[in-house]
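The residues making up each chain are set out below.
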Amino acid sequence: MHVITLIPGDGIGPEITEMTKRCIEATGVDIKWEEVHAGVEVMEKEGTPLPDKVLAAIRKNKVAIKGPITTPVGKGFRSVNVSLRKKLNLYACLRPCKSYPGVSSNYADIDLVVVRENTEDLYAGIEFKEGEKETQELMDFIKSKTSSEMKKDTAISIKPISRSASEKITRFAFEYARKNNRRKVTAVHKANIMKYTDGLFLEAARQVAKDYSDIEFEDRIVDNMCMQLVQKPLLYDVIVLPNLYGDIVSDLCAGLVGGLGVTPGANLGDELALFEPTHGSAPKYKNQNKVNPTAMILSGVMMLKYINENEAADRIEKAVAGVIAEGKFVTYDLKRGKNDSSPVGMAEMTEAIIKRIKNDEC
Ligand code: NAD
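Residues numbered from 1 in each chain as written. Predicted model: local features only at pLDDT ≥ 70, side-chain atom pairs only at ≥ 80, totals over all residues. Heavy atoms only, no water.

S.K.: Quick question: what am I supposed to make of the overall build of the chain here?
M.R.: When you go through the chain residue by residue, the secondary structure sums to twelve helices and twelve strands. For 362 residues, the compact-globule estimate of 2.2 N^0.38 gives 21 Å, and the chain sits close to it at 21 Å. Summarising its shape, the C-alpha atoms of the chain cover approximately 70 × 50 × 45 Å along the three principal directions. In the chain, of all internal contacts separated by at least 6 residues, the share reaching a separation of at least 24 is 74%. About 17,000 Å² of surface is accessible on the chain, with carbon and sulfur atoms providing 51% of the total. (Helix = DSSP H or I, 4+ residues; strand = E, 2+ residues; numbered from the N terminus. Rg over C-alpha atoms; globule rule 2.2 N^0.38 Å. Contact = heavy atoms within 4.5 Å. Areas by Shrake-Rupley, 256 points an atom, 1.4 Å probe, with all protein chains shown as cover.)

S.K.: Mind showing me how you'd approach the site of the ligand here?
M.R.: Close to the ligand lie 22 residues, the nearest being I69, T71, G280, A282 and N292. Within the side chain of N81, an N or O atom sits 3.0 Å from an oxygen atom of the ligand. In the model, a nitrogen atom of the ligand is placed 3.2 Å from a nitrogen or oxygen of the H279 side chain. Taken by itself the ligand offers 810 Å² of open surface, and the protein chains cover 70% of this. Here the residues of the shell around the ligand sort into eight nonpolar, nine polar and five charged. (Near = heavy atom within 4 Å. Polar contact = N/O pair within 3.5 Å; in protein donor to acceptor, adjacent residues only side chain to side chain. Nonpolar A, V, L, I, M, F, W, Y, C, P; charged D, E, K, R; others polar.)

S.K.: Any chance you could explain the side chain of S299 here in plain terms?
M.R.: Looking at the element boundaries, S299 is found in helix α10 (residues 294-306). Of the residues examined, S299 reaches a relative accessible area of 0% and is grouped as buried. Within the structure, the side chain of S299 is placed 3.4 Å from the backbone nitrogen of G265, a separation counted as a polar contact. For S299, the residues in contact, after removing those within four places along its chain, are I65, P264, G265, F275, E276 and P277. (Buried < 20%, exposed > 50% of the residue type's maximum accessible area, 1.4 Å probe, protein only.)

S.K.: What is the right way to read the pairing of strand β3 (residues 63-66) from this model?
M.R.: A regular strand places its side chains on the two faces of the sheet in alternate fashion. Every second residue of β3 is oriented toward a common face, with V63 and I65 on one face and A64 and K66 on the other, all of them buried. As defined by bridge partners, β3 adjoins strand β12 (residues 273-275) across three bridges and the pair is classed as parallel. Residue pairing for β12: V63 is matched across the bridge by A273. (Pairing = 2+ DSSP bridges.)

S.K.: It is not clear to me how the packing of helix α11 (residues 310-326) against helix α12 (residues 346-359) should be interpreted in this structure. Could you clarify?
M.R.: Helix packing for two helices is described by the angle between their axes and how far apart those axes are. It is the contact of α11 with α12, at a shortest axis distance of 8 Å, that shows an interaxial angle of 125°. Considering the angle they form, α11 stands oblique to α12. As α11 packs across α12, the resulting crossing turns out to be right-handed. When α11 is examined against α12, the residues R315, I316, A319, V320, G322, V323, I324 and E326 are found in contact with a partner set consisting of M349, A352, I353, R356 and I357. (Axes fitted to C-alpha atoms, helices over the stretch in contact; angles between N-to-C directions. Parallel < 35°, antiparallel > 145°, perpendicular 65-115°, else oblique. Left-handed = near helix turned anticlockwise from the far one by under 90°.)

S.K.: How do you make sense of the packing of aromatic side chains when you look at a structure like this?
M.R.: The geometry of two aromatic rings is summed up by the distance between their centres and the angle between their planes. Throughout the structure, instances matching the rule amount to five aromatic pairs. Aromatic pair F174 and Y212: ring centres 4.8 Å apart, planes at 15°, arrangement stacked. With F174 in helix α6 (residues 163-179) and Y212 in the loop between α7 (197-209) and β9 (216-221), this pair connects stretches of sequence that are 38 residues apart. Here the aromatic rings of Y285 and Y332 are separated by 5.7 Å at their centres, their planes lie at 50°, and the arrangement is tilted. Of this pair, Y285 sits in the loop between β12 and α10 while Y332 sits in the loop between α11 and α12, and the two are 47 residues apart along the sequence. Taken together, the aromatic side chains of F174, Y212 and F217 make up a single cluster linked through ring pairs. Here the guanidinium or amino end of K168 rests over the ring plane of Y91, the centre of that ring lying 4.5 Å away. (Phe/Tyr/Trp six-rings, centres within 6.5 Å; stacked < 30°, edge-to-face > 60°. Lys NZ or Arg CZ within 6 Å of the ring centre and 35° of its normal.)

S.K.: Can you walk me through the nonpolar core in this structure?
M.R.: In summary, soluble globular proteins display a tendency toward joint burial of nonpolar side chains. With 85 residues, the main nonpolar core has M303 and L304 as its most contacted residues. Residue contributions to this core reach at least three from each of two domains, namely domain 1 (1-91 + 260-362) and domain 2 (106-120 + 161-256). Among all residues touching L304, those that are not within four sequence positions of it are I24, V29, I31, E309, N310, A312, A313 and I316. In this structure, V36, L90, L272 and L274 belong to the second largest nonpolar core, which totals 17 residues. (Core = buried A, V, L, I, M, F, W, Y, C linked by side-chain atoms within 4.5 Å. Domains from an automatic or database assignment.)

S.K.: Would you mind showing me how to read empty space enclosed by the protein here?
M.R.: Leftover empty space is mapped by rolling, across the atoms, a probe with the size of a water molecule. In the structure shown here, the tally under the stated rule is one cavity of 30 Å³ or more. What lines the largest cavity is E117, E120, D121, I161, S166, F201, P242 and N243. Its residues assigned to classes, the lining of the largest cavity comprises three nonpolar, two polar and three charged. (1 Å grid on protein atoms, 1.4 Å probe; cavity = no way out; pocket = protein on both sides within 12 Å on 5 of 7 lines; lining within 4 Å. Points joined across faces, edges and corners; volume = space filled by probe spheres on them.)

Purely geometric numbers; function is a separate question.
This is how it looks when you write it as structure tokens:
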């Protein structure tokens, strides 16, 4: 029996988590779920959006799956998602973006994997607010060392990039490429402008690439990479990036394969793993039985593969692909045009997936 930590999240999180649980249970895999809560409602009740018991449960069970969690914009508590990744040292964020026939998209046959560094960069949470004493002290220090002067009303975010984290994430990308028969790793950066931070990331990636002569390696500047992905996505395979570019490029790649509703994800460390979709908590759709459960269900598929339940994982993925290809029991975002018959709700799409999982039983 596997014991898995389940974090339903907030917004659309609890609904899509329930759908995912049902699909996994339909395979017959022996799982005991240990449910713990984090997010907006927990903040209201417990004064923290991420209670220690959540971290303890993940550390104990080693594997967790979570729904998205809302982060207030510009004020309020810091991102629970970023805190989880940092506190548990889940240094690699893995986001496969694969075309499923039937999904409405301008592209076909895309099979990209985004590997995002998860612990540092501008997401490190080291920020200095406009008008505060510490911010002025930092500006004075910078002026004394570099003679660069900033406006008095400046806010500052720090972008730490280390050689060790850059090497670790690139090695992760190459190891993934090797294990999954991938042909190429592309490192993405802006080292022409940020010579020390992105320059270090690129230098570390080049160094690691020397240990993997069986896999092609190249690098791209992030702005050019965005254009290339839109124009020629089939040229790329595994893409490795620092945290911020990784976040942005993941959504771009999700857009290539039909949107956020179909792209799963995993946050991985040396011992712990936390699976979650790429998309957020879409609060406007909360409790409407409306959004696509696919990204969360496919995150469950990634989790099953991680715990070596490959047969169950394949059955769910095949069932999801079948329902999408048939195009009958799919949510609004998967409908091709205005003339398509009306979409179904999330629960009806999940029922169609479960029917196929059960019919495919060995
Ligand atoms: P979002 O991903 O929640 O939603 C953006 C849009 O994408 C939605 O309006 C909807 O049109 C579409 N969408 C998202 N999920 C979908 C699904 N399953 N099916 C169909 N369409 C879907 O992004 P946002 O609006 O920028 O963020 C909302 C909140 O989620 C914010 O507080 C943000 O910080 C948080 N967030 C959390 C995570 C996480 O938990 N890992 C990730 C990203 C954003």
